[in-house]
Amino acid sequence: MNIVVLDDYQQVASAHADWDSLEEDVTFLDRHLEGEELLAALERAHVIVAMRERTPIDADLLARLPELRLIVTTGRRNASIDVAAARGRGIPVCGTAGLASSTVEHTWALILSAVRHIPAEDRSMRDGGWQTTVGTGLAGSTLGVMGLGRLGSQVATIGQAFGMDVIAWSQNLDPEHARSLGVRPVSKAELMAGSDIVTIHLVSSARTHHLVGADEIAAMRPTAYLVNTSRGPIVDTAALLEALHAGSIAGAAIDVYDTEPLPVDDPLRTAPRTVLTPHLGYVTNDGYDVFFREAVEDIAAWRAGAPIRVLD
């Protein structure tokens, strides 16, 4: 059996699980592949292990992989995999658990980096400079959380520890749940206009596409920051770029993008008032331990005739 692990950028997947226990051929691909190059790498694969949503596996690709028998994705969902098309070909798609804490921690790393200008001051120090910016404090300011689920709730709790007033909105927000966390439920318009930091923790879907658009960004305070560790398409990137160049908001801290990997010539790479990271929210050693250990478990269970963690 041939197993192919996609998008092992850091060349560490082999160290995070006991792949030898499978006693099968395992290939780890450390480059992001597309088109015919991707097809060539997968044409003999019986099992594909996909890292999050890094590589789309759509109906057209599935039709060209006659040997494929199983897909495993790290995480509980993967919008880049056509699960229905796979199921139609008799190919189960299995998932794994993940650690919410890593994305929550990265959200706060981005917030603090943005409001205290840490990347700019780091560059200045290395160039011989000293104190070139003035930071913004968090205590007493307002944190607006879009999405108060597993991640958003933890982000809200940390905001409260910083002494922030926390407000929240989402399309399905339970006001009583919000109040039980000490969070004030508000309308979308109130959140955008009343927050010093707006942080997004929503699932990407047709309903959330460009949920933060030109009107929402225009409503933000000129001293406010937008933070996105959820999914790129939730924010209208063109509208965000316009606001950043115009200086109509203080800045943005971004970990997710419309296209990933982000093209080298993407205008976000040179946009002012930004802190950018390459979708690192889930990229931690302990997170990878969970992902790849359970991926191996998924493969072993499927091979034994009893698939586990099968996605709908």
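Definitions and limits used
- Residues numbered from 1 in each chain as written.
- Predicted model: local features only at pLDDT ≥ 70, side-chain atom pairs only at ≥ 80, totals over all residues.
- Heavy atoms only, no water.
- Helix = DSSP H or I, 4+ residues; strand = E, 2+ residues; numbered from the N terminus.
- Buried < 20%, exposed > 50% of the residue type's maximum accessible area, 1.4 Å probe, protein only.
- Contact = heavy atoms within 4.5 Å.
- Pairing = 2+ DSSP bridges.
- 1 Å grid on protein atoms, 1.4 Å probe; cavity = no way out; pocket = protein on both sides within 12 Å on 5 of 7 lines; lining within 4 Å.
- Points joined across faces, edges and corners; volume = space filled by probe spheres on them.
- Nonpolar A, V, L, I, M, F, W, Y, C, P; charged D, E, K, R; others polar.
- Right-handed = clockwise from strand over helix to strand, strands pointing away.
- Polar contact = N/O pair within 3.5 Å; in protein donor to acceptor, adjacent residues only side chain to side chain.
- Salt bridge = Lys/Arg side-chain N within 4 Å of Asp/Glu carboxyl O.

A. Structural view of the overall build of the protein. Scanning the protein from N- to C-terminus turns up 11 helices and 12 strands. A principal-axis box enclosing the C-alpha atoms of the protein has dimensions of 55 × 50 × 30 Å. Evaluated residue by residue, the protein yields a buried proportion of 50% over its 312 residues. Considering only residue pairs separated by 6 or more positions, the protein has 62% of its internal contacts joining residues 24 or more positions apart.

B. Looking closely at the sheet that holds strand S4 (residues 70-73). A sheet is described by the order of its strands in space; here five strands give the open sequence S2-S1-S3-S4-S5, paired in parallel fashion. Bordering the open sheet on either side are strand S2 (25-28) and strand S5 (93-94), each of which pairs with just one other strand.

C. Highlighting unusual backbone geometry. With omega at -5°, the peptide bond leading from Glu-260 into Pro-261 counts as cis. In this structure, Pro-261 sits in the loop between strand S11 (251-254) and strand S12 (274-276). Not every positive phi belongs to a glycine, and Gln-131 is a case in point at roughly 45°. Turning to its location among the elements, Gln-131 is positioned in the loop between helix H5 (118-126) and strand S6 (142-146). With relative accessibility at 67%, the residue Gln-131 sits in the exposed group.

D. Spotlight on the environment of Gly-75. Locating Gly-75 in the fold gives a position in the loop between S4 and helix H3 (83-88). On the basis of relative accessibility, which here comes to 3%, the residue Gly-75 falls in the buried class. For the pair Gly-75 and Ala-295, spaced 220 residues apart in sequence, the C-alpha separation works out to 9.6 Å. The residues contacting Gly-75, other than those within four sequence positions of it, are Arg-52, Gly-95, Thr-96, Ala-97 and Phe-291.

E. Inspection of the layout of surface pockets at higher detail. The volume enclosed by the largest pocket comes to roughly 930 Å³. What lines the largest pocket is a set of 40 residues, and nearest its centre among them are Arg-77, Leu-151, His-201, Leu-202 and Val-203. Those elements that provide at least two residues to the lining of the largest pocket are helix H4 (100-115) and helix H6 (150-161). Top contributing element to the lining of the largest pocket by residue count: H6, with three residues.

F. How the structure looks around empty space enclosed by the protein. Following the criterion strictly, the structure yields one cavity of 30 Å³ or more and no others. What the largest cavity holds in volume is close to 70 Å³. Taken together, Leu-226, Asn-228, Gly-232, Val-235, Thr-237, Leu-240, Ile-254, Val-256, Tyr-257, Asp-258 and Leu-268 make up the full set of residues lining the largest cavity. In the lining of the largest cavity, the residues fall into seven nonpolar, three polar and one charged.

G. Expanded view of the pairing of S4. On S4, burial covers both faces: Leu-70 and Val-72 on one face and Ile-71 and Thr-73 on the other are all buried. Both strand S3 (residues 47-50) and S4 contribute to a ladder of four bridges, which runs parallel. Note on S4: the bridge partner recorded for Val-49 is Val-72. Where S4 lies against S5, two bridges are found, and the strand directions are parallel. If you follow Val-72 over to S5, its bridge partner there is Cys-94. As a crossover connection, the stretch from S4 through H3 into S5 is right-handed.

H. Looking closely at the side chain of Thr-73. Of note, Thr-73 is situated in strand S4. One polar contact links Thr-73 to Asn-78, side chain to side chain, over a distance of 2.9 Å. Beyond its immediate sequence surroundings of up to four residues, Thr-73 is in contact with Ala-50, Arg-52, Asn-78, Ile-81, Val-93, Cys-94, Gly-95, Thr-96 and Leu-311.

I. Highlighting the pattern of salt bridges. Inspection of every chain in the model, using the stated rule, returns 12 salt bridges. Arg-184 is the partner of Asp-165 in a salt bridge, and the nearest nitrogen-oxygen pair spans 3.3 Å. Taken together, the positions of Asp-165 in strand S7 (residues 165-169) and Arg-184 in strand S8 (residues 184-185) put the pair 19 residues apart, joining distant regions of the chain. Take Arg-184: its relative accessible area is 44%, and that puts it in the partly exposed class. For Glu-294, the salt bridge is made with Arg-309, and the minimal N-O distance between the two is 3.5 Å. One end of the pair, Glu-294, is in helix H11 (residues 285-303); the other, Arg-309, is in the segment after H11, with 15 residues separating them in the sequence. Taking relative accessible area as the criterion, Arg-309 reaches 31% and is therefore assigned partly exposed.

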